[in-house]
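Read off the chains here:
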Amino acid sequence: MARTRSESARTKLLAATAELLVTDGVGAVTAEEVARRSGVAKTTLYRHFGTTDALVFATVQANVAAMDAPDNGTLRGDLAELHRAYLKVASLQQSRELFAWMVARAIEDPTNRELFRQARVQPRGPTVLALQRAMARGEVEPNLDVDLAMHVIQGPLISMRIVDDHDVSDAELERMLDLTLRALGVANS
């Protein structure tokens, strides 16, 4: 008879992994270290997540899901707030290394590719919610391709902050938002 998965154990594993990612970086996330810090057996880790890679992706997904979705009344206002939050997180070296790690793992393995997509494009994630509200308000087409829109929204941030390691100024963020909103078909952006 299969044992049921403990939500408490899952929560402890995610918390220990998040702590490791912040303090020591993705290279420090091993089954042994997560088990030690969480007080949860390695077998339970594998039962819940299958691999340590999947655990890292689940931790990122949980952190994105925990973000509050802003509601400033416009897509521009919501994206500006979200971009500022993401830029703050991406200013940390560990965050940039984690993102590079996720991209590399996604390139290597289709399972990780799907886990990465799920972490980036969450049905109840803050950016998707902002897009859904913009569709409801008529700011963008009601049949907007959300997956493609997420690439348009995230691409400039990833390129400038993660790849180029460039501190994005307020003026650059405003220009980025102008271009993004035009690409999404927002009138008078």
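Cut-off values and rules
Residues numbered from 1 in each chain as written. Predicted model: local features only at pLDDT ≥ 70, side-chain atom pairs only at ≥ 80, totals over all residues. Heavy atoms only, no water. Helix = DSSP H or I, 4+ residues; strand = E, 2+ residues; numbered from the N terminus. Rg over C-alpha atoms; globule rule 2.2 N^0.38 Å. Buried < 20%, exposed > 50% of the residue type's maximum accessible area, 1.4 Å probe, protein only. Contact = heavy atoms within 4.5 Å. Areas by Shrake-Rupley, 256 points an atom, 1.4 Å probe, with all protein chains shown as cover. Lys, Arg positive; Asp, Glu negative; His and termini not counted. Charge placed at Lys NZ, Arg CZ, Asp CG, Glu CD. Expected span 1.5 Å × (residues − 1). Bend = angle between axes of the 7 residues up to and from the residue. Polar contact = N/O pair within 3.5 Å; in protein donor to acceptor, adjacent residues only side chain to side chain. Arc of directions from axis to C-beta. Salt bridge = Lys/Arg side-chain N within 4 Å of Asp/Glu carboxyl O. pLDDT = per-residue confidence, 0-100. Core = buried A, V, L, I, M, F, W, Y, C linked by side-chain atoms within 4.5 Å. 1 Å grid on protein atoms, 1.4 Å probe; cavity = no way out; pocket = protein on both sides within 12 Å on 5 of 7 lines; lining within 4 Å. Points joined across faces, edges and corners; volume = space filled by probe spheres on them. Nonpolar A, V, L, I, M, F, W, Y, C, P; charged D, E, K, R; others polar.

Visitor: Would you mind showing me how to read the overall build of the protein chain here?
Guide: Along the backbone of the protein chain there are ten helices and zero strands. The C-alpha atoms of the protein chain give 18 Å as radius of gyration, which agrees with the globular expectation for 189 residues (16 Å, within 12%). Viewed in the frame of its principal axes, the protein chain has a C-alpha envelope of about 60 × 35 × 30 Å. For the protein chain, with 189 residues in total, the buried portion stands at 43%. Of the contacts formed within the protein chain by residues at least 6 apart in sequence, a portion of 64% connects residues at least 24 apart. Element-wise, carbon and sulfur atoms account for 54% of the exposed surface of the protein chain, whose accessible area totals about 10,200 Å². Between the mean site of the 22 positive side-chain charges and the mean site of the 25 negative ones, the protein chain shows a separation of 6 Å.

Visitor: Help me out: how do you make sense of helix H9 (residues 146–163) in this one?
Guide: Here H9 contains 18 residues, and its C-alpha end-to-end distance of 23 Å stays within 8% of the 26 Å for a straight helix at 1.5 Å per residue. The largest bend in H9 is about 35°, located at Gln154, with the proline Pro156 one to four residues further on. Here the buried face of H9 lies against helix H5 (75–90), helix H6 (93–108), helix H7 (110–120), helix H8 (126–137) and helix H10 (170–183). At the N-terminal boundary of H9, the capping side chain belongs to Asp145, with an oxygen 3.2 Å from the backbone nitrogen of Asp147. Following H9 by one or two positions, Asp165 has its phi on the positive side, about 55°.

Visitor: Any chance you could explain helix H1 (residues 7–23) here in plain terms?
Guide: The α-helix advances 3.6 residues per turn, and as a result positions three or four apart in sequence lie on the same side. Look at H1: 24 Å from first C-alpha to last across 17 residues, which is about the 24 Å you get at 1.5 Å a residue. Where H1 is concerned, the buried positions are Ala9, Leu13, Leu14, Ala16, Thr17, Leu20 and Leu21. Each buried residue of H1 lies within a common arc of 165° when the element is viewed along its axis, so the set occupies one face. Those residues of H1 that are exposed and aimed more than 90 degrees away from the buried face are Glu7 and Val22. On its buried face, H1 is in contact with helix H2 (31–38), helix H3 (42–49), helix H4 (52–66) and H6. The backbone nitrogen of Ser8 lies 3.3 Å from a side-chain oxygen of the residue at the head of H1, namely Ser6. Remark: Gly25 follows H1 within two positions and exhibits a positive phi of approximately 90°.

Visitor: Would you take a moment to explain the pattern of salt bridges for this structure?
Guide: Pairing of side chains with opposite charge becomes possible as their charged atoms draw close. All chains considered together, the criterion is met by 18 salt bridges. A salt bridge links Arg117 to Asp147, with the shortest nitrogen-to-oxygen separation between them at 3.6 Å. Placement of Arg117 in helix H7 and of Asp147 in helix H9 is noted, with a sequence separation of 30 residues between them. A salt bridge links Arg161 to Asp165, with the shortest nitrogen-to-oxygen separation between them at 3.3 Å. Note on Asp165: relative accessible area 42%, which makes it partly exposed. Taken together, the salt bridges that share partners define one network made up of Glu19, Asp24, Glu33, Arg36 and Arg37.

Visitor: Can you help me understand the confidence of the model for the protein chain in this one?
Guide: Regions with low pLDDT carry predicted coordinates that are not meant to be interpreted in detail. Predicted confidence across the protein chain gives a mean pLDDT of 92, with 96% of residues reaching 70 or more. Mean pLDDT across the elements of the protein chain bottoms out in H9 (91) and peaks in H2 (97).

Visitor: I keep staring at the nonpolar core and nothing clicks. Help me out?
Guide: One recurring pattern in soluble globular proteins is that nonpolar side chains are buried together. Ranked by size, the top nonpolar core spans 30 residues in total, and within it Val34, Leu98 and Met102 carry the most contacts. Secondary-structure elements contributing two or more residues to this core are H1, H2, H3, H4, H6 and H7. When residues of this core are assigned to their parent elements, the largest contribution, seven residues, is made by H4. Among residues more than four places away in sequence, those in contact with Leu98 are Leu21, Val26, Val56 and Val60.

Visitor: I tried to follow the layout of surface pockets on my own but got confused; where do I start?
Guide: In this approach a probe as big as a water molecule rolls over the atoms, and the regions it shows empty are the leftover space. By volume, the largest pocket amounts to about 910 Å³. Among the elements of the structure, H1, H4, H5, H6, H7, H8 and H9 are those that each provide at least two residues to the lining of the largest pocket. Tallied by class, the residues present in the lining of the largest pocket amount to 25 nonpolar, eight polar and two charged.

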